[in-house]
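# Architecture at a glance
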2 protein chains.
Amino acid sequence: MGELGVDALLLSLGADLPWLTGYEAMPLERLTMLVLPADGDATMVVPQLEAPRVEPRPDVFSIRPWAETEDPVEIVAALVGARTQLAIADRAWATFLVQLQARLPKASWQVASNVTGPIRAVKDADEVAALRAASAAADRVADQLISGEIPLVGRTEAEVSADIGRRLRAEGHDRVNFAIVGSGPNSASPHHSAGPRVIERGESIVCDFGGTMNGYCSDITRTVFTGAPPSEFRDLYNVLHEAQAAGVAAASVGTPCEDVDGVARRIITDGGYGPYFIHRTGHGIGLEEHEDPYIVGGNCEPLAPGHAFSVEPGIYVEGKWGARIEDIVVATDAGPDALNTVNHDLAVVEA
Amino acid sequence: MGELGVDALLLSLGADLPWLTGYEAMPLERLTMLVLPADGDATMVVPQLEAPRVEPRPDVFSIRPWAETEDPVEIVAALVGARTQLAIADRAWATFLVQLQARLPKASWQVASNVTGPIRAVKDADEVAALRAASAAADRVADQLISGEIPLVGRTEAEVSADIGRRLRAEGHDRVNFAIVGSGPNSASPHHSAGPRVIERGESIVCDFGGTMNGYCSDITRTVFTGAPPSEFRDLYNVLHEAQAAGVAAASVGTPCEDVDGVARRIITDGGYGPYFIHRTGHGIGLEEHEDPYIVGGNCEPLAPGHAFSVEPGIYVEGKWGARIEDIVVATDAGPDALNTVNHDLAVVEA
């Protein structure tokens, strides 16, 4: 905060608050906000009816419950006082920033991740262990998928998605964050929402799923084909497979993030699929599913030991089919440490 | 927008966007934003990889997909152009407002709910029908709870919460939004997060749950006691029961919202439990679980036909026990129309 000239952090929704205090704000219209001044003690402003949820940590923060007829924005503004350089939680609702700006007209605003992002991006050994455990649990579900244990043909995407979610929980996840199942032409929609489409034989199925386990996130993608894939799809997949492996191998300490993207993208472009790789290669992961560092063109930041992120190129042919392969990788002084180790070959399942 | 002098609405997370366009933005770091000028056509700025999710509605909006190396904030700023009176989605992430403010230094900001809130708060006949169907589905689960069909004693709160969630889905909900189960002393924490505590005999259990069905929300609370309740708890419950019924009866067209709160609160205060009723009496409900109108002291807005909201007083004795009763009610010219009709008596379950 001193380096950035930030007088106070104002934390609310998002992972910064639980990271620093152990308490996760409810995503509702009643404001929860930790006021953390650079030069003073931290105060958690919390709705009175939610105060019993907060585990007191008098060494870390004091609690200021607000009653229903009080104005929490006034309370936060009073705690901010004459400080003017403020950094607000990235995911705080805009309504609270609008209201705070009306009460604090002299303040300058930036996002809290300017302060917390670079710190949170570098995982210590305990955090890497937590990510590894979450990835191993996701791997077990991916293994069930590629081995054909999870029935696909004849079920809807939504049913398979719910099944994957149950398995993530059974393997130890506390929370399922998403379970994308895109079948047939839907596999060409990278963020497809699993829906009522019934999976048939002879289709590509992109399954991208993850959850939270002991506070840290998993995120893995495998693509399977129901029945024997045509050679055209095998060709596409082979290029993708090579690109993903090269991206992982390129993820060494000191390499700029955008170069990891570039390595994977060049192979896909050289293979003739450049226009079909329509997203960045990856994102950081930790307490949140997506956080710093982003593996994207334009991000010149060099990878540091402890950076954890996804490497997940994809190829998507609209209206026809698509494929994606994703692992979580940690940059270490000994080279890239891939946390997901499930087989990357094109999985063919019969049912 | 004309009345409020708003030049453009900027919609993102929250229900305003799906309400107007049918599309729900993903809650991620890639910006989705509908730019809806008062004097021009609407444009949906959406990440390229999520564009396939958007059902095109060329009569309503055009689509501007942005590629990973483009800056969506620049695109939104260009679409805003010289307009300066802007209203942003209440739940948009603060990070996007901070970035937009840097690009649009002459703009004045307010929240989109200034425009949309009063419109969305008044439900038409189809919306009331949808709320009624969702409430009826929640009622069926509440009936299973109070009749003892849902085992309680010996299970953890988390298990009961998951069970209630499954039953909400089985009764037709598309999504479970929350299932609070507060047992014993936890029943005194209004927003308790169902946890590992094992439910015992001789305890109060507050169950507050709801989900989304065909786009509209349900929300109901019933309190049950495992075994014969002591007379002290019966007394508390009787006062609460009377207060909740009086609150519902007071919810007529023309009555200020705060008076509905006042009627319920006075009965609880007169009964000697005033300090233990630590939250407002209710909140509006519709596409979102909590929306206008809020039934709270200080809200002088008179109820209008079609206003839909909860009436949910509670009494919470810290460290000991608590109780809450909640129904959804619609104000109509024929009087208050309670959508939840499950028995309000103190339910005693044996297991």
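Keep in mind it's a predicted model, so treat the numbers as computed, not measured.

The rules we used
Residues numbered from 1 in each chain as written. Chains lettered and ligands numbered in written order. Predicted model: local features only at pLDDT ≥ 70, side-chain atom pairs only at ≥ 80, totals over all residues. Heavy atoms only, no water. Pairing = 2+ DSSP bridges. Helix = DSSP H or I, 4+ residues; strand = E, 2+ residues; numbered from the N terminus. Axes fitted to C-alpha atoms, helices over the stretch in contact; angles between N-to-C directions. Contact = heavy atoms within 4.5 Å. Buried area = accessible area lost by both parts, 1.4 Å probe. Salt bridge = Lys/Arg side-chain N within 4 Å of Asp/Glu carboxyl O. Polar contact = N/O pair within 3.5 Å; in protein donor to acceptor, adjacent residues only side chain to side chain. Nonpolar A, V, L, I, M, F, W, Y, C, P; charged D, E, K, R; others polar. Domains from an automatic or database assignment. Buried < 20%, exposed > 50% of the residue type's maximum accessible area, 1.4 Å probe, protein only. Least-squares fit on C-alpha atoms with pLDDT ≥ 70 in both. Core = buried A, V, L, I, M, F, W, Y, C linked by side-chain atoms within 4.5 Å. Phe/Tyr/Trp six-rings, centres within 6.5 Å; stacked < 30°, edge-to-face > 60°. Lys NZ or Arg CZ within 6 Å of the ring centre and 35° of its normal.

### Topic: the sheet that holds strand β5 (residues 85-88) of chain A
All names here are of chain A. Taken together, the six strands give an open sheet; going across it, the order is β4-β3-β2-β1-β5-β6, and neighbouring strands pair in mixed fashion. Bordering the open sheet on either side are β4 (62-66) and β6 (108-111), each of which pairs with just one other strand. Pairs of neighbouring strands in the sheet enclose a mean axial angle of 20°, with direction left out of account. Of the pairings in the sheet, the one linking strand β1 (residues 8-11) to strand β2 (residues 33-37) comprises four bridges and is antiparallel in character. Along β2, the bridge assignment pairs Ala 8 with Pro 37. The strands touched by helix α3 (residues 94-103) within the sheet are β1, β2, β5 and β6, with β6 carrying the most contacts at an inclination of about 155°. With respect to the sheet, helix α4 (residues 113-121) is in contact with β1 and β6, its orientation differing from that of β6 by roughly 20°.

### Side note on the interface of chain B and chain A
Taken together, the contact between chain B and chain A spans 38 residues of the former and 38 residues of the latter. Carbon and sulfur atoms make up 61% of the surface buried where chain B meets chain A, a total of about 3,300 Å² over both sides. If you look at where chain B meets chain A, you find two salt bridges. Taken together, the connections running from chain B to chain A amount to 17 residue pairs in polar contact (both at pLDDT 80 or more). The dominant element in the side of chain B that touches chain A, judged by the number of residues it contributes, is helix α3 (residues 94-103) of chain B, at five residues. Residues that form the side of chain B that touches chain A fall into these classes: 17 nonpolar, twelve polar and nine charged.

### Quick word on the domain arrangement of chain A
Residues and elements named next belong to chain A. Assigned domains of chain A: these are domain 1 (8-119) and domain 2 (122-349). One C-alpha centre belongs to domain 1, the other to domain 2, and the line joining them spans 35 Å. With eight residues of domain 1 at the contact, the number on the domain 2 side is six residues. Both faces combined, the contact of domain 1 with domain 2 buries some 550 Å², and carbon together with sulfur accounts for 39% of it.

### Thoughts on the pattern of salt bridges
According to the stated counting rule, one finds 48 salt bridges over all chains in the structure shown. With a closest N to O distance of 2.9 Å, Arg 103 of chain A and Glu 74 of chain A form a salt bridge. Here Glu 74 of chain A lies in helix α2 (residues 72-80) and Arg 103 of chain A lies in helix α3, a separation of 29 residues in the sequence. Note that Glu 29 of chain B is salt-bridged to Arg 280 of chain A, the shortest N-O span being 2.5 Å. Here Glu 29 of chain B, found in the loop between α1 (16-21) and β2 (33-37), pairs with Arg 280 of chain A, found in the loop between α8 (257-270) and β11 (282-284), and the two come from separate chains. Each member of the pair, Glu 29 of chain B as well as Arg 280 of chain A, carries the same accessibility label: buried.

### Details of the relation of the copies chain B and chain A
Note on the copies: chain B fits chain A at an RMSD of 0.0 Å, the axial shift is 0.0 Å, and the rotation between them is 180°. The transformation just described matches what one would write down for a two-fold rotation axis. A share of 100% of the interface residues of chain B reappears at the interface of chain A, consistent with the copies meeting face to face through the same patch.

### Focus on unusual backbone geometry
Note the cis peptide between Asp 292 of chain A and Pro 293 of chain A, where omega equals -5°. Tracing the backbone shows Pro 293 of chain A in strand β12 (residues 291-295).

### Notes on the sheet that holds strand β4 (residues 61-66) of chain B
All names here are of chain B. Strand order in the open sheet formed by six strands is β4-β3-β2-β1-β5-β6, and the pairing between neighbours is mixed. The sheet is open, and its two borders are formed by β4 and β6 (108-111), each paired with just one other strand. On average, adjacent strands in this sheet sit at an angle of 20° to one another, irrespective of strand direction. Inspection of the sheet shows strand β1 (residues 8-11) paired to strand β5 (residues 85-88) by three bridges, in the parallel sense. Looking at the pairing, Ala 8 lines up with Leu 86 of β5. On top of the sheet, α3 reaches β1, β2, β5 and β6; it is set at about 155° to β6, its chief contact. In this fold helix α4 (residues 113-121) packs onto β1 and β6, with an angle of close to 20° to the strand it touches most, β6.

### Some thoughts on the nonpolar core
In this structure, Leu 10, Ile 88 and Trp 109 of chain A together with Leu 10, Ile 88 and Trp 109 of chain B are the most contacted members of the largest nonpolar core, which totals 91 residues. Beyond its immediate sequence surroundings of up to four residues, Leu 10 of chain B is in contact with Met 33, Leu 34, Val 35, Val 76, Val 80, Leu 86, Ala 87, Ile 88, Ala 89, Leu 100 and Trp 109 of chain B.

### Comments concerning the environment of Met 44 of chain B
Residue and element names in this part refer to chain B. Checked against the element boundaries, Met 44 lands in strand β3 (residues 42-47). Note on Met 44: relative accessible area 0%, which makes it buried. Along the chain, Met 44 and Ser 62 lie 18 residues apart, while their C-alpha atoms are 6.1 Å from each other. Non-local contacts of Met 44, meaning those with residues more than four positions away in its chain, are made with Leu 17, Thr 21, Tyr 23, Thr 32, Met 33, Leu 34, Val 54, Phe 61, Ser 62, Ile 63 and Arg 64.

### Side note on the packing of aromatic side chains
Residue and element names in this part refer to chain A. Applying the stated criterion across every chain yields a total of six aromatic pairs over all chains. In textbook terms, an aromatic cluster arises when at least three aromatic residues are bridged by ring pairs, as seen for Phe 225, Phe 233 and Trp 321. The lysine or arginine in question, Arg 265, covers the ring of Phe 277, its NZ or CZ lying 4.0 Å from the ring centre.

### Overview of α3 of chain A
Burial analysis of α3 of chain A places seven of its ten residues in the buried class, which makes it a mostly covered element. Buried within α3 of chain A we find Ala 94, Thr 95, Phe 96, Leu 97, Val 98, Leu 100 and Gln 101 of chain A.

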